[in-house]
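Structural description and commentary
Okay, here's what each chain looks like letter by letter:
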Amino acid sequence: MAINCTVNKKKVSLDIDPNTPLLWALRDHLSLLGTKYGCGIAQCGACTVWVNGEPTRSCVLPISAVSNAQITTIEGLDPAGKHPVQVAWDELDVPQCGYCQAGQIMTAAGLLKKNPHPTEQEIVDGMSGNICRCGTYHRIQEAVKLASKKIKK
């Protein structure tokens with residue numbers, strides 16, 4: 001059974017087991033390697049992508065659940081890397097090891113999409129489901145604040 005969806009504004013048809021997690025469809029079948037495997041139980045956020053504009057943990061979501069959906073990965077957020085969150089991440093040198101950063105960026109961009117000018121507490125709350133093993137939480141929060149200033153009102 002082919003699953004049809006749109007990934008980063010490109011229509012795709014995947015003829016794979018419908019129980020395959022979206023993460024593995026993206027990585028193994030579409031060669032989109034930016035989205036990472038962290039825990040496999042939707043607890044760390046490394047696998048965060050957008051499904052129909054909503055940040056979603058792709059490691060537990062079966063590909064069958066995204067039939068006809070719009071999926072955006074880190075590669076599709078802004079291919080030139082000019083999204084305000086990506087720019088802020090770069091300007092503040094947020095990553096240490098970088099493993100969690102795609103999920104962090106997709107979550108932050110989703111937060112700012114809903115609330116372009118969050119308070120510090122809203123940033124903390126909005127980012128709390130993403131784990132950074134290197135502990136760069138302060139830089140992450142500062143980058144979200146900076147990105148919110150870069151968003152056109």
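For the structure itself, look to the data block above.
Being a predicted model, the structure only gives us computed values, none of them experimental.

Observations concerning the state of the cysteines
Across all of its chains, the model carries 0 disulfides by this definition. Its sulfur unpaired, cysteine 44 is 3.9 Å from the next cysteine sulfur, which belongs to cysteine 39. We classify cysteine 44 as buried; its relative accessible area is 14%. You can see cysteine 59 has no disulfide; the closest cysteine sulfur is in cysteine 47, sitting 3.6 Å from it. Given a relative accessible area of 7%, cysteine 59 falls into the buried group.

Looking at helix H1 (residues 22–30)
What H1 keeps buried is the set Leu22, Leu23, Ala25 and Leu26. The secondary structure elements touched by the buried residues of H1 are strand E1 (2–7), strand E2 (10–15), strand E3 (48–51) and strand E5 (70–72). Two residues or fewer past H1, serine 31 is found with a positive phi of approximately 55°.

Considering helix H4 (residues 101–114)
Spanning 14 residues, H4 covers 20 Å between terminal C-alpha atoms, matching the ideal 20 Å at 1.5 Å per step. Of all the residues in H4, the buried ones are Gln101, Ala102, Gly103, Gln104, Ile105, Met106, Thr107, Ala108, Ala109, Gly110, Leu111 and Leu112.

A short note on the packing of aromatic side chains
Geometry of an aromatic ring pair is reported as the spacing of the ring centres plus the angle between the planes. The final tally for this structure, using the stated rule, is 1 aromatic pair. Measuring from centroid to centroid gives 5.5 Å for tryptophan 24 and tyrosine 37, while their planes differ by 35°, and the two rings are tilted. Of this pair, tryptophan 24 sits in helix H1 while tyrosine 37 sits in the loop between H1 and E3, placing them 13 residues apart in sequence. Over the ring of tryptophan 50 we find lysine 113, and its NZ or CZ is 4.7 Å from the ring centre.

With respect to the packing of H4 against helix H6 (residues 137–150)
Packing of H4 against H6 leaves a shortest axis separation of 11 Å and a crossing angle of 40°. One way to sum up the angle between H4 and H6 is to call them oblique. You can see that H4 and H6 cross each other, and the crossing is right-handed. In this structure, H4 contributes Gln104, Ala108, Leu111 and Leu112 to the contact, and H6 contributes Ile140, Val144, Ala147 and Ser148. Split into classes, the residues belonging to the contact of H4 with H6 amount to 6 nonpolar, 2 polar and no charged.

Points about unusual backbone geometry
Although it is not a glycine, asparagine 8 adopts a positive phi angle of roughly 50°. Mapped onto the elements of the fold, asparagine 8 is located in the loop between E1 and E2. The backbone of aspartate 93 sits at a positive phi, close to 50°, despite the residue not being glycine. As for its position among the elements, aspartate 93 is in the loop between helix H3 (84–91) and H4.

A word on the sheet that holds E2
Sheets are built from strands paired through backbone hydrogen bonds, the pairs being either parallel or antiparallel. Strand order in the open sheet formed by 5 strands is E2-E1-E5-E3-E4, and the pairing between neighbours is mixed. One side of each edge strand has no neighbouring strand; the edge strands of this open sheet are E2 and strand E4 (54–57). Neighbour-to-neighbour, the strand axes of the sheet open up by a mean angle of 40°, direction not taken into account. Pairing geometry for E1 and E5, over 2 bridges, is parallel. Bridge pairing in E5 links valine 7 to isoleucine 71. Sheet strands touched by H1: E1, E2, E3 and E5. Its angle to E2, the strand with the most contacts, is close to 100°. Together, E3, E4 and E5 form the strand contacts of H4, whose direction differs from that of E3 by roughly 40°.

Rules used in this analysis
- Residues numbered from 1 in each chain as written.
- Predicted model: local features only at pLDDT ≥ 70, side-chain atom pairs only at ≥ 80, totals over all residues.
- Heavy atoms only, no water.
- Disulfide = S-S within 2.5 Å.
- Buried < 20%, exposed > 50% of the residue type's maximum accessible area, 1.4 Å probe, protein only.
- Helix = DSSP H or I, 4+ residues; strand = E, 2+ residues; numbered from the N terminus.
- Contact = heavy atoms within 4.5 Å.
- Expected span 1.5 Å × (residues − 1).
- Phe/Tyr/Trp six-rings, centres within 6.5 Å; stacked < 30°, edge-to-face > 60°.
- Lys NZ or Arg CZ within 6 Å of the ring centre and 35° of its normal.
- Axes fitted to C-alpha atoms, helices over the stretch in contact; angles between N-to-C directions.
- Parallel < 35°, antiparallel > 145°, perpendicular 65-115°, else oblique.
- Left-handed = near helix turned anticlockwise from the far one by under 90°.
- Nonpolar A, V, L, I, M, F, W, Y, C, P; charged D, E, K, R; others polar.
- Pairing = 2+ DSSP bridges.

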